[in-house]
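# Summary of structural features
Each chain, letter by letter, is given below.
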Amino acid sequence: MAENTALLQVINLRKYFPIVSGMFSRQAGAVRAVDGISFDIKRGETLGMVGESGCGKSTAGRAILHLHKPTGGQVIFEGRDLTAMSGEELRLLRPKMQMIFQDPYATLNPRHSVKKIVGEPLIIHGLMKKGSGELNDRVAELLELVGMDPAYMRRFPHEFSGGQRQRIGIARALSLNPDFIVCDEPISALDVSIQAQVVNLMQDLQEQLGVAYLFIAHDLSMVKHISHRIVVMYLGKVMELAERNTLFDDPLHPYTQSLNSAVPTPNPKVERARQRFILEGDPPSPANPPSGCVFHTRCPLAVAACMTDEPEFREIHPGHFVACHLADEKGGSKIEVVSTR
Ligand code: SF4
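With that out of the way, let us pick up helix H4 (residues 114–124). Val 114, Ile 117, Val 118, Gly 119, Pro 121 and Leu 122 are the residues of H4 that are buried. Buried residues along H4 sit against helix H5 (133–145) and helix H6 (162–174). Positive backbone phi, at 70 degrees, marks Gly 126, one or two positions downstream of H4.

Okay, structure coming up:
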């Protein structure tokens with residue numbers, strides 16, 4: 001259950017990657033992977049983060065954890081500004097903030113046993129000794145926590161299915177009792193039949209342990225069940241942020257409306273009537289983002305001001321933030337003409 005106090009505040013966070021060219025490696029611009037995003041995450045909350053491939057969501061997750069050093073802005077965790085911390089201070093805080101990766105096939109060292117993979121963070125941070133009974137007990141406890149037989153600790157990653165490998169990754173992330181985990185597309189590489197099991201496991205763990213998640217995914221259907229609130233990103237910026245149900249029932253940003261129209265519903269009658277709004281073209285390059293509203297090159301509602309003036313990210317209803325000139329209390333940015341599938 002999410003509490004009201006902010007565990008983490010992200011304030012105008014930016015991460016630019018320099019583009020270097022020529023013989024002398026001169027900087028010839030920058031890729032604005034994350035370009036001024038702001039939101040907070042409460043204790044025990046899941047904030048879903050969605051957007052197309054390349055919109056900067058994974059970079060945002062890494063910049064929040066300082067795995068990529070931010071170009072600007074602030075990350076406040078439990079009242080402390082990470083951007084002002086030394087490397088050593090960050091290292092000491094690392095156990096509190098962990099990450100689960102997208103590809104369980106690629107992120108677990110194939111030469112390491114499950115015991116080594118899950119127990120390694122405890123050894124690295126000096127909390128338990130290699131070969132100790134205490135470490136053995138903790139690894140067994142963590143495997144049970146993620147629904148695996150502790151006897152598996154002597155096995156190796158290739159002996160497991162994708163879902164089981166992701167459980168091992170989750171056990172490793174939980175080993176240091178974190179308060180916050182960035183989950184970078186943790187179910188995208190799994191079979192659809194396994195995705196729900198992993199999401200359910202993560203929800204159960206959150207209830208037991210009170211951990212908060214930033215749950216990154218490329219479409220809304222993947223974050224629908226686990227998120228308390230959802231933030232929608234496009235070209236390095238936040239387009240909309242709202243409670244989960246509000247975002248699905250009353251999306252105000254045209255981009256969110258497009259993503260939402262792609263989410264299938266379980267009701268066959270509703271599903272048959274569902275009209276899908278498909279965006280034209282590809283997202284522009286973050287190395288050369290459009291002026292004004294970054295979405296204007298694909299937005300069916302764009303007006304002249306959208307090409308020159310960047311919309312303010314503002315609170316339209318309590319807790320519902322949108323970056324669109326046309327959004328208002330009555331939902332003025334609704335796409336009325338839809339194209340069908
Ligand atoms: Fe579309 Fe303009 Fe709103 Fe951007 S500001 S989403 S271009 S209507």
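With that settled, the discussion passes to the environment of Leu 65. For Leu 65, the location among the structural elements is in the loop between helix H1 (57–64) and strand E4 (72–77). Placed 17 residues apart in sequence, Leu 65 and Leu 82 show a C-alpha to C-alpha distance of 8.6 Å. If we skip the residues at most four places from it in the chain, Leu 65 touches Arg 94, Met 97, Gln 98, Met 99, Phe 180 and Val 182.

Our focus in this paragraph is helix H10 (residues 254–261). Counted residue by residue, H10 has 8 buried out of 8 residues, so it is predominantly covered. For H10, the set of buried residues is Pro 254, Tyr 255, Thr 256, Gln 257, Ser 258, Leu 259, Asn 260 and Ser 261.

This brings us to the sheet that holds strand E12 (residues 320–322). The strand order across the open sheet built from 8 strands is E6-E7-E8-E3-E9-E10-E12-E11, with neighbouring strands paired in mixed fashion. On the outer flanks of this sheet lie strand E6 (97–100) and strand E11 (314–317), each paired with one strand and no other. Averaged over neighbouring strand pairs, the angle between their axes works out to 25 degrees when direction is ignored. As defined by bridge partners, strand E7 (residues 180–184) adjoins strand E8 (residues 212–217) across 5 bridges and the pair is classed as parallel. Opposite Asp 184, over in E8, you have Ile 216 as the bridge partner. Packed onto the sheet, H6 meets E6 and E7 and runs at close to 175 degrees relative to E6.

Core analysis: the largest hydrophobic core is formed by 59 residues, its most contacted members being Ile 170, Met 202 and Leu 220. Per-domain counts for this core show at least three residues from each of domain 1 (6–234) and domain 2 (251–341). Discounting chain neighbours no more than four positions away, the residues touching Leu 220 are Val 50, Ile 230, Leu 247, Phe 248, Thr 256, Leu 259, Asn 260 and Val 263. In terms of nonpolar packing, the next biggest core, distinct from the first, is built from 32 residues, Leu 65, Phe 77, Leu 93 and Ile 216 among them.

Next up on the list: the confidence of the model for the protein. Residue-level pLDDT values for the protein average 91, and 96% of them are 70 or greater. Between residues 337–341, whose pLDDT stays under 50, and residues either more than four places distant or in other chains, the model counts 11 contacts.

Around the ligand, the surrounding shell holds 13 residues, and the nearest of these are Cys 293, Cys 299, Cys 306, Cys 324 and His 325. Of the residues belonging to the shell around the ligand, the class tally is 10 nonpolar, 3 polar and no charged.

Moving on: the sheet that holds E4. Reading across the sheet, the 4 strands line up as E2-E1-E4-E5 and stay open at both edges, with antiparallel pairing between neighbours. The strands lining the two open edges of the sheet, one partner per strand, are strand E2 (26–42) and strand E5 (80–81). Where E4 lies against E5, 2 bridges are found, and the strand directions are antiparallel. Directly across from Ile 76, in E5, lies its bridge partner Asp 81. The strands touched by H1 are strand E1 (6–21), E2 and E4; relative to E1, the strand with the most contacts, the crossing angle is about 115 degrees.

Before going further, it helps to examine the pairing of E1. As paired strands, E1 and E2 are joined by 12 bridges and run antiparallel to one another. The residue bridging Pro 18 from the neighbouring strand is Ala 30, located in E2. Two elements, E1 and E4, share 5 bridges in a ladder whose sense is antiparallel. Note that in E4 the partner of Gln 9 across the bridge is Ile 76.

Definitions and cut-offs
Residues numbered from 1 in each chain as written. Predicted model: local features only at pLDDT ≥ 70, side-chain atom pairs only at ≥ 80, totals over all residues. Heavy atoms only, no water. Buried < 20%, exposed > 50% of the residue type's maximum accessible area, 1.4 Å probe, protein only. Helix = DSSP H or I, 4+ residues; strand = E, 2+ residues; numbered from the N terminus. Contact = heavy atoms within 4.5 Å. Pairing = 2+ DSSP bridges. Axes fitted to C-alpha atoms, helices over the stretch in contact; angles between N-to-C directions. Core = buried A, V, L, I, M, F, W, Y, C linked by side-chain atoms within 4.5 Å. Domains from an automatic or database assignment. pLDDT = per-residue confidence, 0-100. Near = heavy atom within 4 Å. Nonpolar A, V, L, I, M, F, W, Y, C, P; charged D, E, K, R; others polar.

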